[in-house]
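Observations on the three-dimensional arrangement
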Amino acid sequence: MIQRAVLALATLALFLTATPLPGQAPRWTIGMSQCNLGEPWRVQMNADIKKAAEGHPEISVIFKDAQNDNLRQVAHLEEFVRAGVNLIIISPKEAAPLTRPVADAYGKGIPVIVLDRKVLGDRYTCFIGADNKKIGRAAGRWIATLLGGKGKVVELKGLMTSIPGQDRHSGFREGIKGTQIEVVFEADMKWLEPNARKEMESALARFPSIDLVYGQNDPAAHGAYLAAKAAGRADAMAFVGIDGLPQEGQMYVRQGILSACFEYPTGGREAIETALSILQGKTVPREITLPSRVYTRDNITKGGEWLPE
Ligand code: FRU
């Protein structure tokens with residue numbers, strides 16, 4: 001009986017400390033540094049964070065946009081530290097230049113959640129993201145099956161100084177290993193559709209026969225499609241991408257532009273859930289790996305198919 005009363009009082013105390021009264025200031029401030037807002041996937045990540053945070057009046061989130069500039073993102077971290085935020089979420093542009101400022105903030109006792117693109121080393125609280133190597137490998141295997149084990153492929157790579165770019169590349173090469181698939185052209189499109197389109201124009205000019213384009217994100221696959229369409233060659237080849245937003249990659253699959261796209265979840269909701277756990281003093285895993293799906297013309301109406309664990 002007494003135990004129950006103590007438990008009820010403890011629960012009430014926890015509730016009162018965690019939930020501000022209407023009009024009261026939130027208890028915790030989270031600083032969120034986004035590497036850019038020029039790409040739909042990142043706009044979606046911020047929207048996911050905002051939506052998840054809205055359900056928790058005890059936190060407020062300050063969003064900053066680095067506009068794809070490492071130095072600006074370094075400055076964000078310093079500003080957050082100076083402002084005394086309670087926790088930092090960062091989706092970094094590149095690994096090397098952001099490793100040190102992340103480590104510095106973490107070293108000052110501010111928990112740091114690294115989202116999507118990794119930094120180097122382990123001086124942060126938690127990393128959240130999908131397994132890019134696995135996605136690249138799955139894409140390689142899927143493409144090998146589609147092409148019956150042979151063909152000429154163009155690979156449009158993401159920024160190769162970011163870990164997702166490196167992992168989607170090495171995973172893909174593993175996935176097509178042992179087949180007769182030949183990567184006839186590869187280029188770094190730095191995650192940007194206009195670059196992808198330009199690189200694809202070069203590939204089309206050099207190679208009269210291309211069977212498929214592997215774009216390391218959906219904007220790349222779409223940029224390549226536009227280049228091939230302008231050259232009157234889009235019907236002769238297939239296009240595969242990664243990200244799988246409903247309004248982007250999934251829509252391209254529905255429209256028949258992409259043969260497949262692989263989901264790359266933003267992790268926005270999971271970042272807020274993890275932030276709350278950290279702020280409440282709970283222990284969280286060092287790494288949270290998010291699952292991914294493949295969307296194809298056959299399975300898109302059924303919500304895609306999960307990649308095996
Ligand atoms: C957006 C983006 C996504 C990609 C992710 C990788 O900036 O390029 O398209 O999946 O970053 O970090």
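Here we summarise the structure given alongside this text.

Reading the values: rules and limits
- Residues numbered from 1 in each chain as written.
- Predicted model: local features only at pLDDT ≥ 70, side-chain atom pairs only at ≥ 80, totals over all residues.
- Heavy atoms only, no water.
- Helix = DSSP H or I, 4+ residues; strand = E, 2+ residues; numbered from the N terminus.
- Buried < 20%, exposed > 50% of the residue type's maximum accessible area, 1.4 Å probe, protein only.
- Polar contact = N/O pair within 3.5 Å; in protein donor to acceptor, adjacent residues only side chain to side chain.
- Contact = heavy atoms within 4.5 Å.
- Salt bridge = Lys/Arg side-chain N within 4 Å of Asp/Glu carboxyl O.
- 1 Å grid on protein atoms, 1.4 Å probe; cavity = no way out; pocket = protein on both sides within 12 Å on 5 of 7 lines; lining within 4 Å.
- Points joined across faces, edges and corners; volume = space filled by probe spheres on them.
- Near = heavy atom within 4 Å.
- Sits in = over half its atoms within 2 Å of the grid points.
- Pairing = 2+ DSSP bridges.

Relative to the assigned elements, Arg42 resides in helix H2 (residues 40–54). Classification of Arg42 by relative accessible area gives buried; the value is 2%. There is a polar contact of 2.7 Å between the side chain of Arg42 and the side chain of Asp116. In contact with Arg42, not counting residues within four places along its chain, are Gln34, Cys35, Asn36, Leu37, Ser91, Asp116 and Arg117.

Considering all chains together, one arrives at 15 salt bridges under this definition. The residue Lys50 makes a salt bridge to Glu54 at a minimum N-O spacing of 3.6 Å. Of the two residues, Lys50 and Glu54 both sit in helix H2, four residues apart, roughly one turn of that helix. The shortest N-O distance in the salt bridge between Lys152 and Glu182 comes to 3.8 Å. With Lys152 in strand E6 (residues 150–157) and Glu182 in strand E7 (residues 180–188), this residue pair connects regions lying 30 residues apart in the sequence. Under the relative-accessibility criterion, Glu182 is labelled partly exposed at 44%. Here the salt bridges share partners, and the residues they tie into one network are Glu155, Lys157, Arg173 and Glu186.

On inspection of all chains with the given rule, the structure shows one cavity of 30 Å³ or more. Estimated volume of the largest cavity: approximately 120 Å³. In terms of lining, the largest cavity is formed by 13 residues, of which the most central are Trp41, Arg42, Arg117, Trp191 and Asp243. The set of elements that each furnish at least two residues to the lining of the largest cavity consists of H2 and helix H6 (163–175). Among the elements that take part in the lining of the largest cavity, H2 stands out by supplying three residues, more than any other.

As a matter of local geometry, the ligand sits amid Asn36, Glu39, Trp41, Arg42, Asp116, Arg117, Pro164, Arg168, Trp191, Asn217, Asp243 and Tyr264. One nitrogen or oxygen atom from the side chain of Arg42 is found 2.4 Å from an oxygen atom belonging to the ligand. Take Asp116: an N or O atom from its side chain is 2.9 Å from an oxygen atom of the ligand. The pocket occupied by the ligand, as judged from atoms lying within 2 Å of grid points, is the largest cavity.

A separate point is the sheet that holds strand E9 (residues 238–243). Taking strand neighbours across the sheet as the criterion, the seven strands line up as E7-E6-E8-E9-E10-E12-E13 in an open arrangement whose pairing is mixed. Two strands lie at the open edges of the sheet, namely E7 and strand E13 (305–306), each paired on one side alone. Pairing of strand E12 (residues 293–296) with E13, which is carried by two bridges, proceeds in the antiparallel orientation. Counted as the bridge partner of Val294 is Glu305 from E13.

By themselves these figures say nothing about function.
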